[in-house]
Amino acid sequence: MRFTKSATTLFPALSLLALAPCALRAQTTQPALTGPAAFTDYQKSQPGLVHHITVADLPEPYATPGVDAGSEIVPRPQDAWPKAPAGFKVTQYTTGLDQPRLIRTAPNGDLFVAVSYSDKIMVFRGVGPDGKPKQIATYAEHLSQPFGIAFYPAKNPKWIYVGNTDSVVRFPYKEGDMTASGAPEKLADLPGGGKLRGGGHWTRDIAFSADGKRMFVSVGSHSNVDDADTHPAEFHRADVLEYTPEGKFVKVYASGIRNCVGEAIQPGTGDLWCSTNERDMLGDNLVPDYITHVQEGGFYGWPWFYMGGPAGGKQDPRLEGKHPELQSKVITPDVLLQPHFASLEMTFYTGAEFPAAYKGDIFAAEHGSWNKSHRAGYEVVLAPVRNGKATGDFEDFLTGFVTPEGKVWGRPVGVTVANDGSLFVTDDGSGSIWQIRYVGASSSGAAGMSGSN
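Everything numeric here is computed off the predicted structure, so don't read it as measured data. (Residues numbered from 1 in each chain as written. Predicted model: local features only at pLDDT ≥ 70, side-chain atom pairs only at ≥ 80, totals over all residues. Heavy atoms only, no water.)

1. As for the state of the cysteines
A disulfide bridge is the covalent bond that connects two cysteines by way of their sulfur atoms. Going through the model one piece at a time under the given rule, you end up with one disulfide. Linked covalently through their sulfurs, Cys-260 and Cys-274 form a disulfide whose S-S length is 2.0 Å. On the sign convention where negative means left-handed, the S-S torsion of about -80 degrees between Cys-260 and Cys-274 marks this disulfide as left-handed. You can see Cys-260 sitting in strand 15 (residues 259–265) and its partner Cys-274 sitting in strand 16 (residues 272–277), a full 14 residues away along the chain. Judged by relative accessible area, Cys-274 falls into the buried class, the value being 0%. (Disulfide = S-S within 2.5 Å. Helix = DSSP H or I, 4+ residues; strand = E, 2+ residues; numbered from the N terminus. Buried < 20%, exposed > 50% of the residue type's maximum accessible area, 1.4 Å probe, protein only.)

Right under this line is the structure:
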């Protein structure tokens, strides 16, 4: 855990000016929220608040009604700004974008952003003295709801791969390209489309194995909980699919993952990880979204089961009696998040700007709930990693996207580590990209230090 505003008030004689950077991750007297208290809403969300949810904390189905409480996006109020822990500064890198989605850092430091609903990829280069991009360009247009972006090979890439909703394509690339030098080459067809509430997932992410020999493509389910046995539209959905880099289908790498929106390869271990949206309409606190390493051949339950039963999985009551032979095969994910968070892109912190204790931790964007009576999500969380394994905790890191009255002005989608070690976050609610930098605990005595336009 880190020092938070509430923790430092316990020791008023302590000056943050005197704290070494590693002290931001020191143990505090405030324990992680557990049990029912771990399920909070936007009103309690604050930088540094730690949660730990286990399968033992999950209620029974329909303990509360399933609801449709989608948020209406409002313009950012003049006094509203994202809040980060003490010692971090948040600035608005750019705004006025049409719902920026996934963001990835090219090896040369350029930021590639999927502007999915405009069917294009944009590029942002550098940070000027005013904190704004030095250059902006449209890399490619006329795509098909692009989302995933991957550079291949990882060093000195020759290609940029793009996950359209219905295909994987690639563009020839050389370092420094801000516009595509050639037409896209289609490598593989994918089950496509969908913008339905609670299903019809359209995002497709792409990640390459550490050795570059495998291409992992995530495809979300077509529905909330349709029986995949009897719904052909679910074929090769709710899966991570494995291809060769040339686009030849190899196999279903892992299944039963309702919507692995964001993929990442863990430095050091080479493990594939997913940030996942789970199912809806079983109640406010069921089923948890999650972040997990993905086991090859692993089954994560959807649609027939979810994590938490005594025999491995808990049966979804809407598919009672189906596939009892699969119950013991259900894998419990590494980090259980709050249900309906809508967990999107994730990344491992590999930079050097943040205090050293952040190295290897996970940052994930939580787009925010619609199937929960009290809003939750609308933030970026941090999941600590120790010796290559997630602790199971998650911590509110970047908050403040909802007004005290419950009006939503920002929705985090993508998160990436820049070459200088700062963090960039896309927000499709305000159409912005935010930059989070560590400027030192001595620069602020309160959580949520922010910059200005």
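From this point on, the discussion continues.
2. Comments concerning the packing of aromatic side chains
The full count for this structure, using the stated rule, is 31 aromatic pairs. Centre to centre, the rings of Phe-299 and Trp-304 are 6.5 Å apart; their planes meet at 40 degrees, and the pair counts as tilted. On the basis of an interplanar angle of 40 degrees and a centroid distance of 5.2 Å, the ring pair of Phe-401 and Trp-409 is categorised as tilted. No difference in accessibility class separates Phe-401 from Trp-409, as the two residues are buried. (Phe/Tyr/Trp six-rings, centres within 6.5 Å; stacked < 30°, edge-to-face > 60°.)

3. Topic: the pattern of salt bridges
One pass over the structure, following the stated rule, counts 18 salt bridges. The salt bridge partner of Lys-314 is Glu-60, with a shortest N-O separation of 3.1 Å. You can see Lys-314 sitting in strand 19 (residues 313–315) and its partner Glu-60 sitting in the loop between strand 1 (50–52) and strand 2 (88–94), a full 254 residues away along the chain. For Lys-314, a relative accessible area of 25% gives the class partly exposed. Ionic pairing is found between Asp-229 and Lys-322, a salt bridge with its closest N-O pair at 3.8 Å. (Salt bridge = Lys/Arg side-chain N within 4 Å of Asp/Glu carboxyl O.)

4. Some points on the sheet that holds strand 22 (residues 362–366)
If you walk across this open sheet you meet the five strands as 1-26-23-22-21, and the pairing is antiparallel. A single partner strand is all that each edge strand has here, and the edge strands are strand 1 and strand 21 (343–348). The average undirected angle you get between the axes of adjacent strands in this sheet is 30 degrees. Judged from the three bridges that link them, strand 1 and strand 26 (residues 393–398) form a sheet pairing that is antiparallel. (Pairing = 2+ DSSP bridges. Axes fitted to C-alpha atoms, helices over the stretch in contact; angles between N-to-C directions.)

5. A short note on the environment of Phe-249
Relative to the elements of secondary structure, Phe-249 occurs in strand 14 (residues 249–255). Each C-alpha atom, one on Phe-249 and one on Ala-188, is 7.9 Å from the other, the two residues being 61 residues apart in sequence.

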